[in-house]
Amino acid sequence: MSGSPNSDAPDRDERHLARMLRKKAVIDERIANSPNECGLLLVLSGNGKGKSSSAFGMLARAMGHGMQCGVVQFIKGRNSTGEELFFRRFPEQVRFHVMGEGFTWETQDRQRDIAAAEAAWAVSRQLLSDPGIGLVVLDELNIALKHGYLDLDQVLGDLQARPPMQHVVVTGRGAKPELIELADTVTEMGMVKHAFQAGIKAQKGVEL
């Protein structure tokens with residue numbers, strides 16, 4: 001008959017403590033060797049769900065620290081999302097601009113999409129030039145760049161010229177290699193399963 005599941009608990013506890021002490025020493029050393037602060041460029045890309053959701057989570061986090069923020073949505077625009085409805089409750093802290101004309105398969109008009117993207121970038125440049133804004137979310141900018149609606153060099157130049165302590169989060173599938181190279185943090189979200197594949201439509205509170 002095998003022993004009790006807890007018969008080796010003291011040994012396991014000691015091994016766990018030793019591992020955690022070693023891990024803490026490594027992490028503490030890395031923190032001590034990373035004292036600098038600066039504005040970060042974060043890129044969230046990939047086919048998986050959660051890119052915009054992550055960006056808006058960072059927006060809420062920044063607001064919690066009292067930061068002034070700005071949002072420009074490049075593609076989305078035909079229907080209000082829960083994020084828009086929520087963050088518009090805080091106009092004194094968030095400048096929220098929905099500049100898209102809807103998804104490209106809905107507009108079916110490239111010139112109209114280009115005009116909308118250019119107008120959205122003009123607003124983005126205003127946010128990117130304001131040192132009083134601590135965080136800027138450029139939602140679905142990757143899609144506008146992927147389809148060639150904006151001049152990539154201008155976008156990269158404007159991002160580089162922003163105030164030194166301003167954070168920027170860029171979302172959307174198909175991030176350009178040049179943007180990935182410029183970014184400080186890049187996350188590629190992969191899809192394992194999605195409810196839409198099973199015939200379940202996008203629903204409020206999850207996708208909308």
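Described in the following lines is the structure provided in the data block. (Residues numbered from 1 in each chain as written. Predicted model: local features only at pLDDT ≥ 70, side-chain atom pairs only at ≥ 80, totals over all residues. Heavy atoms only, no water.)

### Overview of the overall build of the protein chain
- Summing up its helical and strand segments, the protein chain has eight helices and six strands in all.
- Mapped in sequence order, the helices and strands of the protein chain form the string α-β-α-β-α-β-α-α-β-α-α-β-α-β.
- Contacts spanning at least 24 positions in sequence make up 80% of the contacts within the protein chain whose residues lie at least 6 apart.
- Put simply, the protein chain shows about 12,900 Å² of open surface, and 52% of that area lies on carbon and sulfur atoms. (Helix = DSSP H or I, 4+ residues; strand = E, 2+ residues; numbered from the N terminus. Contact = heavy atoms within 4.5 Å. Areas by Shrake-Rupley, 256 points an atom, 1.4 Å probe, with all protein chains shown as cover.)

### Structural notes on the packing of aromatic side chains
- Overall, the coordinates contain five aromatic pairs when judged by the stated rule.
- Summarising the aromatic geometry, the rings of Phe 74 and Trp 121 are spaced 6.3 Å apart at their centres and angled 35° between planes, so their arrangement reads as tilted. You can see Phe 74 sitting in the loop between strand 2 (69-73) and helix 3 (82-87) and its partner Trp 121 sitting in helix 5 (residues 110-128), a full 47 residues away along the chain.
- Overall, Phe 74 belongs to the buried group, its relative accessible area being 3%.
- In this structure an aromatic cluster arises from ring pairing among Phe 56, Phe 86, Phe 87, Phe 90 and Phe 96. (Phe/Tyr/Trp six-rings, centres within 6.5 Å; stacked < 30°, edge-to-face > 60°. Buried < 20%, exposed > 50% of the residue type's maximum accessible area, 1.4 Å probe, protein only.)

### Observations regarding helix 2 (residues 51-64)
- With 14 residues, helix 2 ought to run about 20 Å at 1.5 Å a step, and its terminal C-alpha atoms sit 20 Å apart, in line with that.
- Turning to helix 2, its buried residues are Lys 51, Ser 52, Ala 55, Phe 56, Met 58, Leu 59, Ala 62 and Met 63. Along the long axis of helix 2, the arc covered by the buried residues comes to 150°, so they all point the same way. Looking at helix 2, the residues exposed on the side facing more than 90 degrees away from the buried face are Arg 61 and Gly 64.
- The inward-facing, buried residues of helix 2 abut strand 1 (41-45), strand 2, helix 3, strand 3 (94-98), strand 4 (135-139) and strand 5 (167-171).
- Once helix 2 ends, the next one or two residues include Gly 66, with phi positive near 80°. (Expected span 1.5 Å × (residues − 1). Arc of directions from axis to C-beta.)

### Points about the packing of helix 5 against helix 7 (residues 152-160)
- Helix 7 packs onto helix 5 with a crossing angle of 20° between their chain directions and a minimal axis gap of 10 Å. By the angle between their directions, the pair helix 5 and helix 7 is classed as roughly parallel. Crossing angle aside, the handedness with which helix 5 passes helix 7 is left-handed. Contacts from Trp 121, Arg 125 and Leu 128 of helix 5 reach helix 7 at Gln 154, Val 155, Asp 158 and Leu 159.
- For the contact of helix 5 with helix 7, the residue count by class is four nonpolar, one polar and two charged. (Axes fitted to C-alpha atoms, helices over the stretch in contact; angles between N-to-C directions. Parallel < 35°, antiparallel > 145°, perpendicular 65-115°, else oblique. Left-handed = near helix turned anticlockwise from the far one by under 90°. Nonpolar A, V, L, I, M, F, W, Y, C, P; charged D, E, K, R; others polar.)

### Topic: the nonpolar core
- Residues Phe 74, Trp 121, Leu 138, Leu 141, Leu 150 and Leu 159 are the most contacted members of the largest nonpolar core, which totals 30 residues.
- Those elements that place two or more of their residues in this core are strand 1, helix 5, strand 4, helix 6 (141-146), helix 7 and strand 5.
- Here this core takes seven residues from helix 5, the largest share from any one element.
- If near-sequence neighbours (up to four positions away) are discounted, Phe 74 is found in contact with Met 99, Gly 100, Ala 117, Ala 120, Trp 121, Ser 124, Leu 138, Asp 139, Glu 140, Leu 141, Ala 144 and Leu 150.
- In this structure, Ala 55, Leu 59, Val 137 and Val 169 belong to the second largest nonpolar core, which totals 16 residues. (Core = buried A, V, L, I, M, F, W, Y, C linked by side-chain atoms within 4.5 Å.)

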